Amino acid sequence: MERPPIITLDGPAGSGKSTTAREVARRLGFRHLDSGALYRALTFALLSAGIREEEWPLLPQEAFDRFRIWLRPSGPRFQVLLGDRLLEEELRTPEVTARVSPLSALPAVRAWLLEAQRQAGREGALVADGRDMGTVVFPDAEVKIFLTADLKERAFRRFLERQDRRPSEEELEEEARNIRERDERDSSRSVAPLKKAEGAMEVDTSDLTFEAQVGVIINHVKVLTRG
Ligand code: CDP
């Protein structure tokens, strides 16, 4: 193997991909790429520019260049920038979350973001999380993981993460509805749909502690890369 490995983590919303990927990367001394942040950044940029959603599907790839969205390596992760503005919590607002999935289904959007993601993996030593990391962006990745969890469990975790308190029964149902809608969209689109990559190991985290799920993945990485 000429370069250090690439590890992909794909899965539905709220399955814990990003937090898991970050910790796996930390333990291995790799860098973490949260590819969803790029799709969120473009959603944020389009909303901020006041471009109406009806027009998004009509935009050619070149129309996105003006936003100057790019990835900056920064210690254990890649930061997402819009020109020289670092994007953080603005990527996770309900407005962005509600619109990111339809935007991500557009072929021009996916094509436009592909190169930046591949560049991030050029030297290996990467843990990349998203929906199509193992299927499209890094099909030759040394280790592929597909992370799942029950819908209710994912909705619960997502709510807790955002509000820092337990949801009521109605709140939990609403969260679950939003997540299911997004998953269905992400799984049914024609370009790079969310699905388990060939050869990926599926890890159902519904009944695993965070420590255990990270452990399972690290072990699998060690077995496959003899690291
Ligand atoms: O964190 P969460 O799972 O809620 O979402 P995310 O990873 O930030 O991704 C947000 C949205 O971006 C997803 O629902 C997908 O529509 C899209 N996405 C994608 O299409 N392909 C990726 N590789 C990553 C995200």
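Figured I'd write up the structure that's included with this text. All values derive from a computational prediction rather than experimental measurement.

**Looking at the environment of arginine 52**
So, point 1. Tracing the sequence through the fold places arginine 52 in the loop between helix H2 (35–48) and strand S3 (69–74).
So, point 2. For the pair arginine 52 and leucine 151, spaced 99 residues apart in sequence, the C-alpha separation works out to 32 Å.

**Remarks on the pairing of strand S7 (residues 143–148)**
So, point 1. S7 sits mainly inside the fold: 6 of its 6 residues count as buried.
So, point 2. Burial of the side chains of S7 extends over both faces: Val143, Ile145 and Leu147 are buried on one face and Lys144, Phe146 and Thr148 on the other.
So, point 3. For strand S1 (residues 6–10) and S7, the ladder comprises 4 bridges, and the chain directions are parallel. Counted as the bridge partner of threonine 8 is lysine 144 from S7.
So, point 4. Sheet analysis places S7 next to strand S8 (residues 201–204), joined by 4 bridges and oriented parallel. Within S8, the position partnered with threonine 148 by the bridge is aspartate 204.

**A closer look at the packing of helix H1 (residues 17–28) against helix H8 (residues 210–225)**
So, point 1. Packing of H1 against H8 leaves a shortest axis separation of 10 Å and a crossing angle of 55°. Taken as axis vectors, H1 and H8 run oblique relative to one another. Here H1 and H8 pass one another in a crossing that is right-handed. Here Thr19, Thr20, Glu23, Val24, Arg27 and Leu28 of H1 come into contact with H8, specifically with Phe210, Glu211, Gln213, Val214, Ile217, Ile218 and Val221.
So, point 2. Of the residues that constitute the contact of H1 with H8, the class distribution is 7 nonpolar, 3 polar and 3 charged.

**A closer look at the nonpolar core**
So, point 1. By size, the foremost hydrophobic cluster in this structure holds 36 residues, and its most contacted members are Leu42, Leu46, Phe67 and Ile69.
So, point 2. Those elements that place two or more of their residues in this core are H2, S3, strand S4 (77–82), helix H3 (94–104), helix H4 (107–120), strand S6 (126–130) and helix H5 (133–137).
So, point 3. The leading source of residues in this core is H2, at 8 residues.
So, point 4. Phenylalanine 67 has contacts with Leu42, Ala45, Leu46, Ala49, Ile51, Leu82 and Gly83, leaving out every residue within four places of it along the chain.
So, point 5. By size, the runner-up hydrophobic cluster in this structure holds 15 residues, among which are Leu9, Phe30, Ile145 and Val203.

**Thoughts on the site of the ligand**
So, point 1. Taken together, 20 residues form the shell around the ligand, and within it Arg40, Arg110, Arg158, Arg182 and Asp186 come nearest.
So, point 2. The side chain of arginine 131 places a nitrogen or oxygen atom 3.1 Å from an oxygen atom of the ligand.
So, point 3. Bound to the protein, the ligand loses 99% of the 530 Å² it would expose on its own.
So, point 4. When residues of the shell around the ligand are traced back to their parent elements, those giving at least two are H2, H3 and helix H7 (169–188).
So, point 5. Of the residues forming the shell around the ligand, the biggest block, 4 residues, is contributed by H2.
So, point 6. Here the shell around the ligand is composed, by residue class, of 4 nonpolar, 6 polar and 10 charged.

Conventions used here
- Every chain is numbered independently, its residues counted from 1 as its sequence is written.
- For a predicted model such as this one, the threshold for reporting local features is a pLDDT of at least 70, and the threshold for listing and counting side-chain atom pairs is 80 or more; totals across whole chains, interfaces and linings nevertheless cover every residue.
- Side-chain calculation: all heavy atoms of the structure are included, whereas hydrogens and water are not.
- Strands are runs of DSSP state E lasting at least two residues, helices are runs of H or I lasting at least four, and both sets are numbered from the N terminus onward.
- A simple rule labels every residue: compare its accessible area, found with a 1.4 Å probe on the protein chains alone, to the largest value its type can have, and call it buried under 20%, exposed over 50%, or partly exposed in between.
- Criterion used throughout: strands pair if DSSP finds at least two bridges between them.
- Note on geometry: axes are lines fitted to C-alpha atoms, helical ones only across the stretch in contact, with angles between N-to-C directions running from 0 to 180 degrees.
- Angles are sorted into four bins: roughly parallel if under 35 degrees, roughly antiparallel if over 145, roughly perpendicular if 65 to 115, and oblique for all others.
- Helix crossings get a hand from a simple test, with the near helix turned counterclockwise from the far one by less than a right angle marking a left-handed crossing and a clockwise turn marking a right-handed one.
- Note on definitions: a residue-residue contact is assigned when non-hydrogen atoms from the two residues lie within 4.5 Å.
- Each residue is assigned to one of three groups, with Ala, Val, Leu, Ile, Met, Phe, Trp, Tyr, Cys and Pro labelled nonpolar, Asp, Glu, Lys and Arg labelled charged, and all others, Gly among them, labelled polar.
- Here the nonpolar core consists of buried residues drawn from Ala, Val, Leu, Ile, Met, Phe, Trp, Tyr and Cys, with membership extended through side-chain atoms lying within 4.5 Å.
- Proximity is defined per residue: any heavy atom of the residue falling within 4 Å of a molecule or strand makes that residue near it.
- Whenever a nitrogen or oxygen atom comes within 3.5 Å of another N or O atom, the pair is scored as a polar contact, on the condition that within protein one atom can donate a hydrogen and the other can accept it, and that pairs from neighbouring residues in sequence are kept only if both atoms are in side chains.
- Computed with a 1.4 Å probe, the accessible areas rest on the Shrake-Rupley method; for each residue, only the protein chains presented here act as cover.

Remember, this is a structural readout, not a statement about activity or role.
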